[in-house]
Protein chains: 2
Amino acid sequence: MGEFDLIAKYFKRPTRRAILGVGDDCALIAPTAGMHMAISTDMLVEGRHFVSTVSPERLGHKALAVNLSDLAACGAKPVAFTLALSMPRVDTVFLDGFSRGLLALADAHGIELIGGDTTAGPLTISITVMGEVPPGAALRRDAARAGDELWVSHPLPSGPLQTDPLTSAGAMSLGDARLALEVFRGHITLPGDAFERVRQRMDVPEPRVALGQALRGVAHAAIDLSDGLVGDLQHVLTASKVGATVHVDALPRSDIMAAQPVALQRLCLLAGGDDYELLFTAPVACHAAVLAAAQRGGVAVTCIGSLDAAPGLRLVDAKGHAVAQDDAAFDHFKA
Amino acid sequence: MGEFDLIAKYFKRPTRRAILGVGDDCALIAPTAGMHMAISTDMLVEGRHFVSTVSPERLGHKALAVNLSDLAACGAKPVAFTLALSMPRVDTVFLDGFSRGLLALADAHGIELIGGDTTAGPLTISITVMGEVPPGAALRRDAARAGDELWVSHPLPSGPLQTDPLTSAGAMSLGDARLALEVFRGHITLPGDAFERVRQRMDVPEPRVALGQALRGVAHAAIDLSDGLVGDLQHVLTASKVGATVHVDALPRSDIMAAQPVALQRLCLLAGGDDYELLFTAPVACHAAVLAAAQRGGVAVTCIGSLDAAPGLRLVDAKGHAVAQDDAAFDHFKA
C-alpha cells in the first residue's frame with residue numbers, strides 16, 4: 001500500500017466542520033468570528049515517549065491526548081488537528097489500531113483530523129492541534145499571582161466528588177504513570193492488577209479539556225503536567241515571577257502509590273512526568289468557584305499549596321519540614 | 001543544554017503578530033476577521049527526505065519551504081508555523097545553522113514561529129504552517145475543468161520575464177533536484193559547477209507563495225510539485241475527474257538538464273520530485289492573466305498542455321507520439 005492509499009484508508013473521513021479536509025495541499029477551516037486560535041505541537045518518538053510494546057490503539061489515543069492536554073491548559077476548546085506520521089513500513093495492524101484510538105478520542109472531543117503527512121522512517125508521531133478561546137480568556141503560564149492557591153486535578157474516585165486526598169483512595173492519581181515507567185525500567189515490581197492500572201494511566205491519559213474551559217475566568221495561570229510537577233511548576237513561577245510553597249503530603253495519590261516507599265512516592269509525585277493533569281493557580285476568593293469548575297469538568301481537584309511573592313519553590317511536608325528537590329526535573333535531553 | 005534552554009536560545013524570539021508565542025502550552029493567534037485558515041503539515045526524515053551531509057542552514061530553509069509550498073498551492077498568505085524537532089543529541093552547530101536557515105525564510109515571508117516541541121530521537125523535522133485565504137478563493141485540487149490550460153512555474157532566467165522554454169536556458173528548472181539526487185545515488189556524474197547548481201535546487205527550494213496568491217481568481221486548480229509532475233498531476237485529475245495531455249518536450253528545463261540523455265531528462269522532468277514549483281490549470285481566456293500573475297509572483301510559467309474531459313493522462317512528444325509513463329510516480333513507501 002502506498003502513501004496515498006494509506007492516508008485514504010486509515011485517516012480520511014468525510015469533513016464535518018472543516019471546509020476542506022485530508023487530501024489537498026492544505027486543509028481549510030473557518031475560524032469562529034472573534035475567537036483567538038490556540039495552537040500546540042507535540043512529537044512522540046518510539047523508545048523515548050512510548051515503549052514499543054504499547055498497543056497501537058492506546059498509542060493513537062495518547063498521541064492526541066497529550067496535545068489536547070496543552071489546549072486544556074490554555075482553556076481552549078479543541079477544533080481540529082493535523083498528524084505527521086513516520087513509520088518503518090506500512091503495518092496495517094498498527095495503522096488500524098492507531099487510527100482507531102486516535103479517531104475515537106477525536107470523536108469524544110468533537111474534533112476532526114484535517115490534514116497530515118505519512119512517510120517512511122523511525123516511528124515518530126507529530127500532532128498539531130488547534131482550538132479556540134475568547135480573546136483575553138486563555139490561561140497562561142505568566143498569570144500566576146502571589147497569594148493564589150495552587151491546585152492540581154486528578155481523576156474522580158468512583159462516587160461523589162471528593163477533594164480530600166485522604167478519601168480518594170481507590171482512584172488513580174498523580175505519579176501513577178511514573179510508577180508504570182519504573183516497572184518497565186525494572187526498578188520496581190507491582191502486582192499484575194496494580195501494574196495494569198498504573199500502565200493505563202501512562203498509556204491512556206485523559207486530557208482535562210472540560211476542566212480547562214471551566215476554569216476560564218476562575219484560574220489565573222495553568223499548565224499541564226507532562227514533565228513532572230516540580231519542573232512544570234517552575235515554568236509557571238519563572239514566567240509569573242513569583243514563588244510557591246507546595247505541601248508534598250497533600251499531593252493526591254492512589255492507593256497503589258500510597259503503598260510505595262516514601263522516596264519513590266516523592267519521585268513519582270514531584271518528578272513523575274506523563275500525568276497530563278492540570279496544575280493551576282486561582283485567587284483564594286475563587287476557592288468555591290474552582291470546586292464548581294472541577295465538578296463541571298468531571299474531575300477532582302486538590303489544593304496543594306500557595307504562591308508567594310518570594311521567588312523560589314519550597315517543598316514542605318505535613319510537619320512543615322523542607323523536602324529536598326533531588327531528581328525533581330525531567331528533561332528529554334537529560335533523563 | 002536542556003530542552004527548555006535550547007528552545008529559548010535558538011527558536012524563541014519576540015512575538016510580532018502572535019498574541020502569545022513560543023514558551024506556553026499553546027500559542028495564540030488572532031485570525032483575520034472573515035478569512036479562512038489554510039493549514040498544512042510535512043515531516044522530513046533524515047536519509048529519506050534529506051541527506052545527512054546537507055548543511056543545517058539549508059535544511060532549516062527547506063523544512064519550512066516545503067510547507068510554504070503547500071500554502072502557495074492553495075493561494076494562501078502564510079501567517080505562522082510550529083516546529084517539532086527530534087534529534088539524536090543537542091548539537092549546537094546544527095541548531096545554530098538550522099534555526100538561522102529556518103528563521104531567515106520565515107522573515108522573508110513575514111511569518112513567525114509560534115510554538116514547537118524538541119525531543120531526543122532520530123533526526124526528524126515536522127512543521128505545521130498556517131495561512132489565510134478569503135472564503136472561496138483557495139486553489140483546490142478538485143477544481144480543474146476540461147479545456148483548461150495546464151501550466152507549471154519555474155525560476156526566472158536572469159533578465160526579463162521569459163515564458164518560452166527555448167529562451168530560458170541558463171535558468172534552473174524542473175527536475176534539477178532529481179538530477180542532484182541521481183548524483184548522490186551514484187547513478188550519474190556532473191561537473192562540480194553543474195552539481196552545485198542542481199544541488200541548490202534540491203536543498204534550497206523557493207516556495208511560490210507570491211505566485212499562489214496572484215493566481216487567486218485566475219487559476220482553477222493547483223498543486224505543488226513535491227512527488228513528481230506525473231504523480232502530482234494525477235492527484236488533480238482524479239480529484240477533478242478530468243484527463244490531461246502533457247507536451248513532454250514543452251516542459252521547461254535547464255541547460256544542465258538539456259545536456260542529459262533523453263530518458264534521464266524524462267525521468268527527472270516527469271517523476272523528479274522535490275521541485276516545489278506550482279502546477280496549475282486555468283481557463284484559456286485567462287492566458288494573459290496567468291502571465292501577469294507570474295510577473296507579480298516573480299517567476300516564469302510555461303503552458304505544458306491542456307485538460308480534457310476524457311479521463312487519463314496522455315504524454316506526447318513534439319511530434320505527437322505517445323511517451324511511456326514508466327517510473328513516473330514517486331511514493332515514499334515504494335521508492
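It should be emphasised that the depicted structure is a prediction, and the values quoted were computed from it without experimental measurement.

Draft legend 1. Expanded view of the overall build of chain A. Along its length, chain A carries ten helices and eleven strands. In chain A, which comprises 335 residues, the share counted as buried stands at 62%. A separation threshold of at least 6 residues defines the contact pool for chain A, and within that pool the share at least 24 residues apart is 84%. About 11900 Å² of surface is accessible on chain A, with carbon and sulfur atoms providing 55% of the total.

Draft legend 2. Region of the structure containing the side chain of B:Asp275. Residue and element names in this part refer to chain B. Assignment of secondary structure puts Asp275 in the loop between helix H9 (262–271) and strand S9 (278–282). For the buried residue Asp275, which engages in no salt bridge, the nearest side chain bearing the opposite charge is Arg201, 4.4 Å off. Among the polar contacts made by the side chain of Asp275, one reaches the main-chain amide nitrogen of Gly175 at a distance of 2.8 Å.

Draft legend 3. Expanded view of the pairing of strand S3 (residues 77–87) of chain B. Residue and element names in this part refer to chain B. Among the eleven residues in S3, ten count as buried, and that is most of the element. Strand direction decides the pairing type here: S3 and strand S5 (residues 124–133), joined by nine bridges, are antiparallel. Along S5, the bridge assignment pairs Leu83 with Ile127. Relative to strand S4 (residues 112–120), S3 runs parallel, the two sharing eight bridges. Across the sheet, the residue bridging to Met87 is Ala120, located in S4.

Draft legend 4. A look at the relation of the copies chain A and chain B. Between chain A and chain B, which share one sequence, the superposing operator has a rotation angle of 180 degrees and an axial displacement of 0.0 Å; the RMSD is 0.0 Å. These values place the two chain copies in the arrangement generated by a two-fold rotation axis. Comparing contact sets, 97% of the residues at the interface of chain A also lie at the interface in chain B, consistent with an isologous, same-surface contact.

Draft legend 5. Layout of the environment of A:Asp91. Residue and element names in this part refer to chain A. Mapped onto the elements of the fold, Asp91 is located in the loop between strand S3 (77–87) and helix H3 (92–108). Its relative accessible area of 25% is what places Asp91 among the partly exposed residues. Reaching out from Asp91, the side chain makes a polar contact with the backbone nitrogen of Phe94 at a distance of 2.9 Å.

Draft legend 6. Spatial organisation of unusual backbone geometry. Positive phi, close to 55 degrees, is recorded for B:Lys241, a residue that is not glycine. Within the secondary structure, B:Lys241 sits in the loop between helix H7 (229–240) and strand S8 (243–247).

Draft legend 7. Representation of the side chain of A:Gln260 within the structure. All names here are of chain A. Of note, Gln260 is situated in the loop between helix H8 (255–258) and helix H9 (262–271). Side-chain polar atoms of Gln260 contact the backbone oxygen of Ile256, separated by 3.1 Å. Sequence-distant contacts of Gln260, that is, excluding residues within four places in its chain, are made with Leu179, Leu190 and Gln265.

Draft legend 8. Local environment of the interface of chain A and chain B. Taken together, the 66 residues of chain A in the interface contact 64 residues of chain B. Between chain A and chain B lies a buried interface of about 5100 Å² when both sides are counted; carbon and sulfur atoms form 63% of it. Applying the counting rule to chain A against chain B returns twelve residue pairs in polar contact (both at pLDDT 80 or more). Those elements giving two or more residues to the side of chain A that touches chain B turn out to be helix H1 (3–11), strand S1 (27–29), strand S2 (36–45), helix H2 (56–74), S3, strand S4 (112–120), strand S5 (124–133) and strand S7 (222–224) of chain A. If one sorts the elements of the side of chain A that touches chain B by residue count, S2(A) sits on top with nine residues.

Draft legend 9. How the structure looks around the packing of helix H4 (residues 176–184) of chain A against helix H5 (residues 192–203) of chain A. Residue and element names in this part refer to chain A. At a minimum axis distance of 7 Å, the contact between H4 and H5 shows a crossing angle of 115 degrees. Taken together, the axes of H4 and H5 lie roughly perpendicular to each other. The two elements H4 and H5 meet at a crossing, and its hand is left-handed. Of the residues in H5, those touching H4 at Asp176, Ala177, Leu179, Ala180, Leu181, Val183 and Phe184 are Phe195, Val198, Arg199, Arg201 and Met202. Classifying every residue of the contact of H4 with H5 gives nine nonpolar, no polar and three charged.

Rules used throughout
- Residues numbered from 1 in each chain as written.
- Chains lettered and ligands numbered in written order.
- Predicted model: local features only at pLDDT ≥ 70, side-chain atom pairs only at ≥ 80, totals over all residues.
- Heavy atoms only, no water.
- Helix = DSSP H or I, 4+ residues; strand = E, 2+ residues; numbered from the N terminus.
- Buried < 20%, exposed > 50% of the residue type's maximum accessible area, 1.4 Å probe, protein only.
- Contact = heavy atoms within 4.5 Å.
- Areas by Shrake-Rupley, 256 points an atom, 1.4 Å probe, with all protein chains shown as cover.
- Lys, Arg positive; Asp, Glu negative; His and termini not counted.
- Salt bridge = Lys/Arg side-chain N within 4 Å of Asp/Glu carboxyl O.
- Polar contact = N/O pair within 3.5 Å; in protein donor to acceptor, adjacent residues only side chain to side chain.
- Pairing = 2+ DSSP bridges.
- Least-squares fit on C-alpha atoms with pLDDT ≥ 70 in both.
- Buried area = accessible area lost by both parts, 1.4 Å probe.
- Axes fitted to C-alpha atoms, helices over the stretch in contact; angles between N-to-C directions.
- Parallel < 35°, antiparallel > 145°, perpendicular 65-115°, else oblique.
- Left-handed = near helix turned anticlockwise from the far one by under 90°.
- Nonpolar A, V, L, I, M, F, W, Y, C, P; charged D, E, K, R; others polar.

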